[in-house]
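Observations on the three-dimensional arrangement
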Amino acid sequence: MELPFALAIGVLVAGAVYMLLARDLPRMLVGFVLLGTAANLLILLAGRVGGMTPPLVAAGMAAPGADAANPLPQALILTAIVIGFGLAAFALMLIVKARAVLGTVRPDEMAAAEPRAGAVSSPPTPPRALPPPRREAA
Amino acid sequence: MSGIALALLVGAGGSAAMAFVPARLAAWLGAGLAASLCAFYAAHLGAVSTGAVPAAAFWGVPALDIAGGLRLDGLALLFALLITGIGALVFLYAGSYMAGDARLRRLLVMLGLFMTAMLGAVTADDAILLFIFWELTSLASFFLVGTNHQSPAARKAALQALLVTGGGGLALLAGLVLVAIAAGTTSISGMIAAAPAVLAHPAAEPAMLLVIAGAFAKSAQVPFHFWLPNAMAAPTPVSAYLHSATMVKLGVYLLARFNPLYQGVALWHELLMWAGLATAATGALLALRETDLKRVLAHTTVTGLGTLVMLIGIAPELSATAAVTFLLVHAFYKAALFLVVGIVDHETGSRDGAALGGLGRAMPLTAVAAGLAAFSMAGLPPFVGFVAKELLYEAKLGAGPASDVLIVLGFLINASMVAVAGVLSLRLFLGASRPTPETPHDPHWAMIAGPVLLALLGLAAGSMPALVADLVVEPAVRAILGRPVAVTLKLWHGFNLVLALSAATVLLGVVLFLAWERIVPGLRRAEAIDRFGPARFYERLLAGTISLAERCTGLVQHGHLHGYIATLFAATAIALLGTLAVRGGFDAPAFAFGALDPRALALVAIVVGVLATVLARSVLVAVMAMGLVGFAVSLLFLLFGAPDVAFTQFAVETLLVVILAAALVILPIATRDDRAPRRKLADAAVAILAGAAVTAVLLAVLATPFDPRLGAWFGANSYPAAHGRNVVNVILVDFRALDTLGEIMVLAIAAFAVVALLRRARTGDAR
């Protein structure tokens with residue numbers, strides 16, 4: 001089971017990197033999420049995989065059965081999934097913001113921080129991409 | 001703490017104190033500091049001349065095998081006296097020369113620190129300590145040359161001085177470290193004591209050449225001589241102090257210091273002798289091309305330094321005596337003449353030797369000082385300069401087979417020095433007076449005191465040669481040769497070949513002086529000298545380095561995000577695969593289709609999801625495919641005994657897909673992946689490389705024996721210690737509770753940031 005598992009992780013990483021190399025931010029975000037998923041699976045596999053029994057202590061027992069899964073990678077992955085979700089949400093908001101301010105989601109067109117020679121000095125006027133506020137925030 | 005160590009701390013402390021008093025007071029403080037240090041060192045004269053060598057512990061680092069320590073032998077004492085004595089006069093002079101200038105106090109503080117560093121360098125008995133002080137003097141020189149930092153020329157000169165002497169410093173460090181390794185100690189006296197071991201070391205010759213390179217750069221020897229005239233961008237007190245009397249002599253000091261170690265090595269003597277002679281000749285030639293009096297003096301300083309290096313190179317004992325005497329003489333007259341030129345510049349507003357003349361009536365005191373110093377420079381009796389020149393000729397006559405060349409070139413060099421001395425005294429102060437930008441007059445006494453005193457010292461030393469020989473020259477010569485020698489200095493040697501040479505020198509010098517106005521323009525027209533100098537080479541090297549750096553930066557920091565990402569992954573993958581290849585392969589786990597259980601279908605689902613993501617035309621489809629991957633992974637977790645993880649993954653993946661899809665309402669969803677096919681192939685290659693690296697590393701990890709202790713420990717302690725039956729939960733909320741708390745905080749912060757970003761985006765506030 002380990003060889004196909006490792007191969008699948010490799011495919012996942014390759015897909016993630018391919019998406020990260022795209023020239024627009026939404027695709028890069030997809031690659032970013034995939035890379036996180038690949039890392040989680042890598043942790044699981046490195047902690048060894050076996051049967052389907054979860055690491056639970058049965059009533060009257062002091063420890064999980066011998067065939068139970070390794071609990072440590074699971075705890076690490078749980079943390080990683082949640083953090084990864086927070087990070088992805090934050091990155092998504094940055095992309096939305098970048099689109100609003102710079103009018104593009106393509107890093108090569110974002111010239112505000114380091115204007116290229118020959119480029120217009122001011123960033124392009126943002127298109128009215130957002131719906132007008134329905135109610136003013138406090 | 002011993003006195004000679006305390007002297008350094010007093011110097012540093014006094015310099016720092018100058019930063020906190022008004023500039024006028026600081027000049028007095030500096031002069032007082034230097035004078036009292038001079039008196040302190042002078043008090044050692046008697047003891048040192050009878051053979052005592054005071055030593056002190058200072059900054060040893062036993063853990064690094066750095067011995068540390070200071071030592072005040074005759075050579076160190078001579079330098080210390082010059083540094084502090086001339087230093088006192090320069091402080092006095094600078095306070096008046098730059099009175100009212102906002103940069104005066106900074107200049108004085110730097111001068112004080114420089115003086116302290118010089119004292120440290122000459123009294124250090126430790127190679128590392130010597131190197132540190134050596135570099136400090138280079139740094140001080142950088143700031144002092146760049147005093148007039150608004151001028152691009154001054155900044156350029158400062159950088160040039162720093163790069164040339166600093167580059168030499170690096171060579172010196174390498175050389176000193178090699179010698180220290182061979183000798184087994186960083187102590188300089190230890191190195192000299194271990195001379196046979198040092199010379200027998202396989203790296204002895206490179207080490208010696210590196211030390212020489214460091215000394216040559218510092219003392220402006222050919223081919224490094226070009227930085228010194230440019231350093232004249234500094235204010236005159238700095239030029240007089242650093243670039244004539246003290247700092248540039250540090251290279252000479254180093255050669256003299258290491259002479260006991262290397263004397264007897266033929267290459268040492270040959271190299272020093274010929275390089276010194278070449279330097280002296282170059283300086284003499286270039287001095288006759290200039291009319292800016294400061295640059296004239298700078299070139300003659302190059303000549304003086306070359307002469308000193310040559311004398312150290314000439315083997316017989318007499319040359320060491322000549323070197324020390326000439327060092328003393330040169331310090332006296334050159335510092336005095338620099339100060340005089342500074343006075344002329346200050347009072348007339350010009351220092352162009354061709355345009356000035358007849359200043360003697362307006363500034364008689366200055367004229368007297370200049371005349372006395374110039375006579376010493378020309379080597380006329382009864383000045384000490386005469387004594388030195390006689391010794392110089394004597395040393396050259398005794399130099400063996402090379403003496404013919406030395407004498408002939410030396411004769412020409414000395415004659416041109418006579419001519420320059422004439423320009424600086426007779427031409428400048430006698431004859432018809434010419435108009436000057438400002439009305440000339442004698443300066444404030446603080447400025448004239450220095451040159452007068454130095455010029456008188458030159459006269460006094462010439463009239464009491466025996467005293468000078470015993471107190472100053474003999475101990476220094478003993479240090480240079482590493483053995484006691486008898487030194488006698490005489491003003492009158494009788495009628496002999498040397499005297500005839502002296503007379504002929506003066507005669508030719510007078511001829512050159514009379515023809516000076518025709519010689520200078522003639523030599524100036526010889527532009528070939530400018531075209532093929534090492535200065536050009538320096539310019540090219542500097543420009544080449546900068547453009548190379550620009551190109552490298554442009555190559556690495558190109559500003560394209562995908563380039564950075566591709567580099568990152570490709571480099572990591574290559575490093576991982578390369579390491580695996582070098583360290584040896586591993587056994588791939590056994591695999592048979594029959595052993596495959598149905599759970600492998602979840603893996604297939606992952607692969608299908610990834611392919612769908614990669615091939616998706618629109619971002620929306622890619623997000624959906626990403627969701628498919630997430631759900632397949634969630635299923636995989638469930639199938640491998642991780643239901644908690646599976647549920648979390650499922651929930652998060654659902655949320656993420658919903659949020660992303662929602663965001664795509666305002667993001668351009670229809671954007672196609674418009675990479676050119678070739679680009680796609682290149683990106684795919686990087687991606688596949690990265691994937692292969694991860695798989696290979698994973699397989700290598702799986703091939704190593706598994707250590708189940710942590711998992712087993714958590715399992716065994718979950719219920720007894722934490723009263724929880726779900727081990728994963730117990731780890732998260734109990735054993736690693738603080739980690740979980742941190743995770744919650746991270747999420748909360750991310751949530752706040754998202755809300756803030758969203759709110760500003762919604763209200764249309766673009767910035």
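Please read these numbers as outputs of a predicted model, since none were measured by experiment.

When helices and strands are counted, chain A shows three helices and zero strands. Helices and strands in chain A line up, N terminus first, as α-α-α. A total of 138 residues make up chain A; the buried ones form 52% of that total. Counting only contacts in chain A whose residues sit at least 6 apart along the sequence, the fraction spanning at least 24 positions is 56%. As displayed, chain A has an accessible area near 6000 Å², and 67% of this comes from carbon and sulfur atoms.

All names here are of chain B. Within the secondary structure layout, Thr165 lies in helix H7 (residues 152-183). For Thr165, a relative accessible area of 1% puts it in the buried group. A distance of 2.6 Å separates the side chain of Thr165 from the backbone oxygen of Ala161, its partner in a polar contact. Filtering out sequence-adjacent residues up to four positions away, Thr165 remains in contact with Glu135, Ser138, Ala217, Lys218 and Trp227.

As a further point, take the interface of chain A and chain B. Tallying the contact residues gives 94 residues for chain A and 104 residues for chain B. Roughly 8800 Å² of surface becomes buried between chain A and chain B when both sides are summed, with 76% attributable to carbon and sulfur atoms. Of all residues in chain A, Met1, Tyr18 and Arg27 of chain A give up the largest surface area on contact with chain B, accounting jointly for 9% of the area buried on that side. Applying the counting rule to chain A against chain B returns one salt bridge. Between Asp683 of chain B and Arg23 of chain A there is a salt bridge whose closest N-O contact spans 3.0 Å. Between the two partners, chain A and chain B, sit 15 residue pairs in polar contact (both at pLDDT 80 or more).

It is worth spelling out the pattern of salt bridges at this point. Under the counting rule described, the total for this entry stands at 18 salt bridges over all chains. Its salt-bridge partner being Glu474 of chain B, residue Arg478 of chain B comes within 2.9 Å of it at the nearest N-O pair. Highlighted residues: Arg478 of chain B and Glu474 of chain B, both in helix H21 (residues 465-481), separated by four residues, approximately one helical turn. Connected via shared salt-bridge partners are Arg23 of chain A together with Arg675 and Asp683 of chain B.

Right, let's get into the nonpolar core. Counting residues in each nonpolar core, the largest one holds 205 residues, and the members touching the most others are Trp227 and Phe258 of chain B. In terms of residues, this core owes the most to one element, helix H16 (residues 317-348) of chain B, which gives 20 residues. Discounting residues that sit within four places of it in the chain, Phe258 of chain B has contacts with Leu130, Leu176, Ile188, Met191 and Trp268 of chain B. Ranked by size, the runner-up nonpolar core spans 83 residues in total, among them Leu72 of chain A together with Leu656, Val727 and Val754 of chain B.

Looking now at the packing of helix H6 (residues 127-145) of chain B against helix H12 (residues 236-245) of chain B. Packed helices, taken two at a time, are described by their axes: the angle between them and the distance between them. Residues and elements named next belong to chain B. Interaxial distance between H6 and H12 falls to 11 Å at its minimum, and their mutual angle equals 155°. When the axis of H6 is compared with that of H12, the two are roughly antiparallel. As H6 runs across H12, the sense of the crossing is left-handed. On H12, the residues touching Ser141, Leu144 and Val145 of H6 are Val238, Leu242 and His243.

All right, on to the packing of aromatic side chains then. On inspection of all chains with the given rule, the structure shows 14 aromatic pairs over all chains. Consider the rings of Phe5 of chain A and Phe640 of chain B, whose centres lie 5.5 Å apart with planes at 55°: the pair is tilted. Of this pair, Phe5 of chain A sits in helix H1 (residues 2-20) while Phe640 of chain B sits in the loop between helix H28 (619-639) and helix H29 (643-663), on two different chains. Taking the relative accessible area as the measure of exposure, Phe5 of chain A reaches 0% and is therefore buried. Using a relative accessible area of 3% as the deciding quantity, one classes Phe640 of chain B as buried.

Our focus in this paragraph is the environment of Val510 of chain B. Note that Val510 of chain B resides in helix H22 (residues 497-514). Distance in space between the C-alpha atoms of Val510 of chain B and Val420 of chain B is 9.7 Å, their sequence separation being 90 residues.

Here Ser36 of chain B shows up in helix H2 (residues 23-42). Judged by relative accessible area, which is 42%, Ser36 of chain B ranks as partly exposed.

Our next topic: the environment of Asp125 of chain B. Residue and element names in this part refer to chain B. You can see Asp125 is positioned in the loop between helix H5 (104-123) and H6. Using a relative accessible area of 11% as the deciding quantity, one classes Asp125 as buried. Note: C-alpha distance between Asp125 and Ala322 (197 residues apart in sequence) is 24 Å. When sequence neighbours within four positions are dropped, the list of residues in contact with Asp125 reads Gly69, Leu70, Arg71, Thr186, Ser187, Ile188 and Ser189.

Reading the values: rules and limits
Residues numbered from 1 in each chain as written. Chains lettered and ligands numbered in written order. Predicted model: local features only at pLDDT ≥ 70, side-chain atom pairs only at ≥ 80, totals over all residues. Heavy atoms only, no water. Helix = DSSP H or I, 4+ residues; strand = E, 2+ residues; numbered from the N terminus. Buried < 20%, exposed > 50% of the residue type's maximum accessible area, 1.4 Å probe, protein only. Contact = heavy atoms within 4.5 Å. Areas by Shrake-Rupley, 256 points an atom, 1.4 Å probe, with all protein chains shown as cover. Polar contact = N/O pair within 3.5 Å; in protein donor to acceptor, adjacent residues only side chain to side chain. Buried area = accessible area lost by both parts, 1.4 Å probe. Salt bridge = Lys/Arg side-chain N within 4 Å of Asp/Glu carboxyl O. Core = buried A, V, L, I, M, F, W, Y, C linked by side-chain atoms within 4.5 Å. Axes fitted to C-alpha atoms, helices over the stretch in contact; angles between N-to-C directions. Parallel < 35°, antiparallel > 145°, perpendicular 65-115°, else oblique. Left-handed = near helix turned anticlockwise from the far one by under 90°. Phe/Tyr/Trp six-rings, centres within 6.5 Å; stacked < 30°, edge-to-face > 60°.

Everything listed here is a matter of geometry and, on its own, says nothing about what the molecule does.
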